[in-house]
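# Descriptive structure summary
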Amino acid sequence: MRQIHGLEKLLEQQPGRLNAQKLAELLLTDLRQCRCSIYGTMGDNDRVLLAELDLLPDSLEYEMFDQRIDLIVAGPILRADCVPLIYSLQGEQFAISGRCSMIARVCGVDLYLQRSYTGVVGDSARQKFAIPLKPLLQMR
């Protein structure tokens, strides 16, 4: 299940009433150097880093009509000795984490890795993210 981290700390920077536009500005600043890590597990749930995906230049944007932040991360697959199960998208303070899968229609997964995630070491993987702002505003 998708988990949100650091939202409270991020919102401390914004005194007064918060709306979608102000939240978008905070997130755009916080996520400008974000990174997505893809993990698998071995043994007794020891995390294994499988891929590190960095933000693509000019892909971070606020979609005002749908009130969401869109971004694309990309990078090399580092290891292929276990199945990707967990992801973490980390900004300076704000982060999203949850379960992921290369296989579509797996129960309990909130991120399906795109086809560019081949599981082959050295291949470049790309992943799109859409972060809806309405649920974040309701969490406040």
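Here, the structure is the one placed above.
A short tour of the structure in this document, coming up. What you see is a predicted model; the values in this text were computed from it and never measured. (Residues numbered from 1 in each chain as written. Predicted model: local features only at pLDDT ≥ 70, side-chain atom pairs only at ≥ 80, totals over all residues. Heavy atoms only, no water.)

### Comments concerning unusual backbone geometry
- Even without being a glycine, Asp58 presents a positive backbone phi close to 65°.
- Given a relative accessible area of 77%, Asp58 falls into the exposed group.
- Look at Gln67: it is not a glycine, yet its phi comes out positive at around 50°.
- Looking at the element boundaries, Gln67 is found in the loop between strand 4 (61-63) and strand 5 (68-76). (Buried < 20%, exposed > 50% of the residue type's maximum accessible area, 1.4 Å probe, protein only. Helix = DSSP H or I, 4+ residues; strand = E, 2+ residues; numbered from the N terminus.)

### Topic: the pattern of salt bridges
- In the structure shown here, the tally under the stated rule is six salt bridges.
- For Arg68, the salt bridge is made with Asp70, and the minimal N-O distance between the two is 2.6 Å.
- Judged by relative accessible area, Arg68 falls into the partly exposed class, the value being 25%.
- Among the residues examined, Asp70 registers a relative accessible area of 15% and is labelled buried.
- Of the charged contacts, one joins Asp81 and Arg79 as a salt bridge, the two residues approaching to 2.4 Å between their closest N and O atoms.
- Arg79 gets classed as partly exposed once you look at its relative accessible area, which sits at 35%. (Salt bridge = Lys/Arg side-chain N within 4 Å of Asp/Glu carboxyl O.)

### What to know about helix 2 (residues 20-30)
- All of the buried residues in helix 2 are Ala20, Leu23, Ala24, Leu26, Leu27 and Asp30. The buried residues of helix 2 all sit within an arc of 165° when viewed along its axis, so they share a single face.
- Elements that come into contact with the buried residues of helix 2 comprise helix 1 (7-11), strand 4, strand 5 and helix 3 (133-139).
- You can read the cap of helix 2 off the contacts: a side-chain oxygen lies 3.2 Å from the backbone nitrogen of Gln21, and it is on Asn19. (Arc of directions from axis to C-beta. Contact = heavy atoms within 4.5 Å. Polar contact = N/O pair within 3.5 Å; in protein donor to acceptor, adjacent residues only side chain to side chain.)

### Looking at the side chain of Asp70
- Take Asp70: it is sitting in strand 5.
- Of note is the side chain of Asp70, whose polar atom sits 2.6 Å from the side chain of Arg68.
- Apart from residues no more than four positions distant in its own chain, Asp70 is found in contact with Ser59, Leu60, Glu61, Glu63, Phe129 and Ala130.

### A short note on the packing of aromatic side chains
- Scanning the entire structure with this criterion turns up one aromatic pair.
- Arranged with centres 6.0 Å apart and planes meeting at 45°, the rings of Tyr87 and Phe129 form a pair that is tilted. In this pair, Tyr87 sits in strand 6 (residues 86-90) while Phe129 sits in strand 9 (residues 124-132), placing the two residues 42 residues apart along the sequence. Across the pair, Phe129 and Tyr87 agree in class, each one buried. (Phe/Tyr/Trp six-rings, centres within 6.5 Å; stacked < 30°, edge-to-face > 60°.)

### Details of the pairing of strand 7 (residues 95-101)
- For strand 7, a buried count of six out of seven residues is recorded, marking the element as mostly surrounded by other parts of the structure.
- Two strands pair when backbone bridges link them, and strand 1 (residues 3-5) and strand 7 are joined in this way by three bridges, in the antiparallel orientation. Bridged to His5 within strand 7 is Ala95.
- Across five bridges, strand 6 lies against strand 7 in antiparallel orientation. Note that in strand 7 the partner of Gln90 across the bridge is Ala95. (Pairing = 2+ DSSP bridges.)

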